[in-house]
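# Report on the structure
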Amino acid sequence: MTESTIKNRDDLVRYLDAALALEHATLPPYLTAYYSIRSTTNSDAAHIIRVAVVEEMLHLTLVANVLNAIDAKPDLTRPGFVPSYPAYLPDGEDDFTVDLRPFSHEAVETFCKIERPGKAPTADARLVQTSDGRSPLLVSSPTVEGMRFYSIGEFYEEIIEGLAQVAADDPTLFRGNPERQVGPEYFYSGGGEVIIVTDLDSAQRALRFIAAQGEGLDSGIYDAEGELAHYYRFRQLQFGRYYQRGDEPDAPSGPKLSISWDDVYNVKVSARLADYPAGSELARVAQDFNAEYAALLALLTGAFDGRPSLLQDAVCAMFRLRDGFNRLVCNPLPGSGGLHAAPTFEIPAAAGSGPQTAPRAGETAQAVTR
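First things first, this report covers the structure right here in the doc. (Residues numbered from 1 in each chain as written. Predicted model: local features only at pLDDT ≥ 70, side-chain atom pairs only at ≥ 80, totals over all residues. Heavy atoms only, no water.)

## As for unusual backbone geometry
Backbone torsion omega between Y85 and P86 reads 5°, so that peptide bond is classified as cis. Relative to the assigned elements, P86 resides in the loop between α3 (43-69) and α4 (105-115). Non-glycine residue D71 carries a positive phi angle of around 65°. Examined against the element boundaries, D71 turns out to sit in the loop between α3 and α4. A positive phi angle, near 55°, is found at F345, a position not held by glycine. Structurally, F345 is set in the segment after α9 (310-329). (Helix = DSSP H or I, 4+ residues; strand = E, 2+ residues; numbered from the N terminus.)

Right under this line is the structure:
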């Protein structure tokens, strides 16, 4: 078996920081597709995406609980935490990038690629050399340069095994203040509840739950809680039909979904502030949205910093973003050939401790570190 890339607590913190960034990095693409859907249309698709968004918030919380349990500090306002789209994500392959797209066949295909199962054929194959020497955003090992993971599931498996090794070497690893844990009374979704992390067993359970719910551990159509994994939720949109118990992975047999791919605002893909006319009202609204998103990340950081009741405020704030989305997506973007405006998720430097963007796809980027 390949030697672990997690040697000590510092390595473990770097991996968990990367996991926190990974779980967040899916939110802007999912939210963009969700809010590009015209009001009163595509209720089936909107529900599927909304459920995935809420469960990604659960995943963020679980990773934060593990960080707090080992006396590290989750920080969603740190420089580079929000990726600059299009971006590479640790999906298990580096053959695609994630864009901020309207709800479409292309967006759903990307969501399926993000969540697709991928168990390495052997433990030795968990880490592989990057295909062309680049180090894509979040895809590579935080501790071994030039190496990426076979899949998200294998990324989490590395952390799970690393936790066990570090805990064996350091009996005081789980020394974090229990009062910093976010309990189930502060957040609940139909797809599972928060796990309080106090020791190795609860930490590993939390991380296995995340991987299985996204279908990263190749555990089947349904996760351990009996909920449809994210990959198969999105596959329903491709098949146009719901799964039901007993179905094969590629043959859902439940009721048909009602999908209208045209009832969507055709927003510019991965819009940037530079796309908006300088000094225009649209530019101001886009900047205001980015400030609101930065405030949401600050709320989440506060919730994970000993004020867990803020998590409920953060979830509400996330869905209040609809107003900011609507002020943009309902308006054509000048000079774009009829495309509509959209949020850019470029976080103001003042919102954190420095510039809050990371290299875009195709540029050199290092894995997230503390």
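From this point, the discussion proceeds with the structure in view.
## A few points about the packing of aromatic side chains
Overall, the coordinates contain 15 aromatic pairs when judged by the stated rule. Ring geometry for Y30 and F234: centres 5.3 Å apart, planes at 55°, overall tilted. Of this pair, Y30 sits in helix α2 (residues 27-36) while F234 is found in helix α7 (residues 230-239), placing the two residues 204 residues apart along the sequence. A residue is classified by how much of its surface remains accessible, and Y30, at 0% relative accessible area, is buried. With a centroid separation of 4.8 Å and an interplanar angle of 65°, the aromatic rings of Y34 and Y35 are classed as edge-to-face. Y35 gets classed as buried once you look at its relative accessible area, which sits at 1%. Three or more aromatic residues joined by ring pairs make a cluster, and in this case those are Y34, Y35, F289, Y293, F325 and F345. Over the aromatic face of Y265 sits the side chain of R38, whose NZ or CZ is 4.0 Å from the ring centroid. (Phe/Tyr/Trp six-rings, centres within 6.5 Å; stacked < 30°, edge-to-face > 60°. Buried < 20%, exposed > 50% of the residue type's maximum accessible area, 1.4 Å probe, protein only. Lys NZ or Arg CZ within 6 Å of the ring centre and 35° of its normal.)

## Quick word on the packing of helix α1 (residues 9-25) against helix α5 (residues 152-169)
As a packed pair, α1 and α5 sit with axes 10 Å apart at the nearest point and diverge in direction by 150°. Overall, the two elements α1 and α5 adopt an arrangement that is roughly antiparallel. Between α1 and α5 lies a crossing of left-handed hand. Contacts between α1 and α5 involve R9, L12, Y15, L16, A18, A19, L22 and E23 on the former and, on the latter, I152, F155, Y156, E158, I159, L163 and V166. Of the residues that constitute the contact of α1 with α5, the class distribution is 12 nonpolar, no polar and three charged. (Axes fitted to C-alpha atoms, helices over the stretch in contact; angles between N-to-C directions. Parallel < 35°, antiparallel > 145°, perpendicular 65-115°, else oblique. Left-handed = near helix turned anticlockwise from the far one by under 90°. Contact = heavy atoms within 4.5 Å. Nonpolar A, V, L, I, M, F, W, Y, C, P; charged D, E, K, R; others polar.)

## Topic: the packing of helix α8 (residues 281-303) against α9
At a closest axis distance of 9 Å, the pairing of α8 and α9 adopts a crossing angle of 170°. Classed by the angle they form, the pair α8 and α9 counts as roughly antiparallel. In this structure, α8 uses L282, V285, A286, F289, E292, Y293, L296, L299, L300, G302 and A303 to contact α9, whose residues at the interface are L310, L311, D313, A314, A317, M318, L321, G324, F325, R327 and L328. Among the residues making up the contact of α8 with α9, the classes are represented as 17 nonpolar, two polar and three charged.

## Digging into α1
With 17 residues, α1 extends 24 Å from end C-alpha to end C-alpha; this agrees with the ideal 24 Å at 1.5 Å per step. Burial analysis of α1 places 14 of its 17 residues in the buried class, which makes it a mostly covered element. Measuring from the side-chain oxygen of the N-cap residue of α1 to the backbone nitrogen of D10 gives 3.2 Å; that N-cap residue is N8. (Expected span 1.5 Å × (residues − 1). Polar contact = N/O pair within 3.5 Å; in protein donor to acceptor, adjacent residues only side chain to side chain.)

## Overview of the environment of L321
Within the element layout of this structure, L321 appears in helix α9. In this structure the C-alpha to C-alpha distance between L321 and L31, which are 290 residues apart in sequence, comes to 9.1 Å. Ignoring any residue separated from it by four or fewer positions in sequence, one finds L321 in contact with L31, F289, E292, Y293 and L296.

## Remarks on the nonpolar core
Counting residues in hydrophobic clusters, the biggest one holds 114 residues, and the most contacted among them are Y156, I159, Y293 and L300. No other element matches α3, which puts 16 residues into this core. Residues within four places of Y293 in sequence aside, it is in contact with H24, L27, P28, L31, L321, F345 and I347. (Core = buried A, V, L, I, M, F, W, Y, C linked by side-chain atoms within 4.5 Å.)

## Focus on the pattern of salt bridges
Within the structure shown, the criterion is met by 12 salt bridges. D288 is paired through a salt bridge with R284; the nearest N and O atoms lie 2.5 Å apart. With a gap of four residues between them, D288 and R284 both fall in helix α8, about one helical turn apart. Residue classification places R284 among the partly exposed positions, given a relative accessible area of 39%. Counted as one network, the salt bridges with shared partners bring together E281, R284 and D288. (Salt bridge = Lys/Arg side-chain N within 4 Å of Asp/Glu carboxyl O.)

Read these as spatial facts, not as claims about activity.
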